[in-house]
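Chain by chain, the residues:
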Amino acid sequence: MAIEIGQAAPDFSLFDTTKTKVTLSEQKGKNVLLLFFPQAFTGVCTKELCAIRDDIAKYSNVNAEVFGISVDSVFTLGKFKEDQHYNFPLLSDFNKEVSAAYDTIYTDWILEMKGVSKRSAFIVDKQGVIQYAQVLESAGDLPDFEAINNKLGQLNS
């Protein structure tokens, strides 16, 4: 079932690259940007996350926490984060439960891979409510960062 603006964000707990469990409901009081991406070390995913890395001050300035989420293992994500110098947490949805809860998962992807996260962006406000949702069918497309930044700015004002 598709995630809709105004609904409570599905809660989750996932491990980050330091093997620390991160729980969405523990982020209350902050706006949260969830960026699901298909796979580490791919061209478009690297471009997307490097754009966030390079603009991290924009997100900090609006009291927003950013989390990148993929079905890669914490070990793969750790190497990806280290290589690209990402300055925000990457979370492993290795069991694909969170991607499924957010209805952002490919049943079939390239090379007969199944259960890979679709590129998508969700903004969860300080009360845990979805305020922005964009799920992209094409893994080659990037989220609308201008719309994301505008929404985060509105939520922080």
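Just so we're clear, the structure is a prediction, and the values are computed from it rather than from any experiment.

Student: Would you mind going over the overall build of the chain with me for this structure?
Tutor: When you go through the chain residue by residue, the secondary structure sums to 5 helices and 9 strands. Seen in sequence order, the chain has helices and strands lined up from the N terminus as β-β-β-α-α-β-α-β-α-β-β-β-β-α. A globule of 157 residues ought to have a C-alpha radius of gyration of about 15 Å, and the chain, at 14 Å, matches this closely. Its C-alpha atoms give the chain principal-axis dimensions of about 45 × 35 × 30 Å. Within the chain, residue pairs in contact and separated by at least 24 positions form 64% of the contacts whose partners lie at least 6 positions apart. Carbon and sulfur atoms provide 50% of the accessible area of the chain, an area that totals close to 7600 Å². Each charge class in the chain was averaged separately, 15 positive and 21 negative side chains, and the resulting centres sit 4 Å apart.

Thresholds, definitions, all that
Residues numbered from 1 in each chain as written. Predicted model: local features only at pLDDT ≥ 70, side-chain atom pairs only at ≥ 80, totals over all residues. Heavy atoms only, no water. Helix = DSSP H or I, 4+ residues; strand = E, 2+ residues; numbered from the N terminus. Rg over C-alpha atoms; globule rule 2.2 N^0.38 Å. Contact = heavy atoms within 4.5 Å. Areas by Shrake-Rupley, 256 points an atom, 1.4 Å probe, with all protein chains shown as cover. Lys, Arg positive; Asp, Glu negative; His and termini not counted. Charge placed at Lys NZ, Arg CZ, Asp CG, Glu CD.

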